[in-house]
Amino acid sequence: REREIQRSIDYQKRNPFPSRLSKKKFREKANLTGWDLHKWANAVKDRDDNRCVECGSPDGLEAHHIKQKAEHPDLAVKLWNGVTLCQGCHKEIHGV
C-alpha cells in the first residue's frame, strides 16, 4: 500500500494536469452521487486516523484518489484507492 501511494504521488507530481471529466459527467459515468463520494472520503480519513499520510497534520484533511476517478470511475469509492492528505500536501501532489 505504501508503495502504491508513493507511486501515485510521484506520478501526479510529474503529471499535474490529468484529463478531467466534469463532476456531472463523471457521476453519470460512474453512476455515483455526491453522497457516495462524501461517505468514501469520510471512510478514508477514518482509516488513516484523521491525519495526513505525508506530513501527519490533523488539519485541513482531504481524501485523495490514488488512481484518478476520472480515469478509473469503477474505483472511485474503493477504500484502498484513497489516502488522506492535508490541503498543502494535496496541492503539492497536484502541482497547484
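For the structure itself, consult the block above.
Residues numbered from 1 in each chain as written. Predicted model: local features only at pLDDT ≥ 70, side-chain atom pairs only at ≥ 80, totals over all residues. Heavy atoms only, no water.

### Observations regarding the pattern of salt bridges
Stage number 1. With the rule as written, the count across this model stands at one salt bridge.
Stage number 2. R47 is the salt-bridge partner of D48, the closest N and O atoms lying 3.0 Å from each other.
Stage number 3. Note on D48: relative accessible area 14%, which makes it buried. (Salt bridge = Lys/Arg side-chain N within 4 Å of Asp/Glu carboxyl O. Buried < 20%, exposed > 50% of the residue type's maximum accessible area, 1.4 Å probe, protein only.)

### Observations regarding the pairing of strand β2 (residues 82-86)
Stage number 1. Among the five residues that make up β2, five are buried, leaving the element largely enclosed by the rest of the structure.
Stage number 2. Of the two faces of β2, the one lined by G82, T84 and C86 and the one lined by V83 and L85 are each fully buried.
Stage number 3. Examined bridge by bridge, strand β1 (residues 61-65) and β2 share five bridges and lie antiparallel to one another. Pairing of A63 across the sheet is with T84, part of β2. (Helix = DSSP H or I, 4+ residues; strand = E, 2+ residues; numbered from the N terminus. Pairing = 2+ DSSP bridges.)

### Observations regarding the side chain of H65
Stage number 1. With respect to the secondary-structure elements, H65 resides in strand β1.
Stage number 2. Looking at H65, its side chain comes within polar contact range of the main-chain oxygen of A76, at 2.8 Å. (Polar contact = N/O pair within 3.5 Å; in protein donor to acceptor, adjacent residues only side chain to side chain.)

### Regarding helix α4 (residues 87-94)
Stage number 1. Of the positions making up α4, those classed as buried are C89, H90, I93 and H94. Viewed along the axis of α4, the buried residues span an arc of 130 degrees, placing them on a single side of the element. (Arc of directions from axis to C-beta.)

### Observations regarding the environment of T84
Stage number 1. Within the secondary structure layout, T84 lies in strand β2.
Stage number 2. Classification of T84 by relative accessible area gives buried; the value is 0%.
Stage number 3. Each C-alpha atom of the pair T84 and E62 lies 5.8 Å from the other, and the pair is 22 residues apart in sequence.

### Examining the state of the cysteines
Stage number 1. Summed over all chains, the structure comprises zero disulfides.
Stage number 2. Cysteine C89 is unpaired, with the sulfur of C86 as its nearest cysteine sulfur at 3.6 Å. (Disulfide = S-S within 2.5 Å.)

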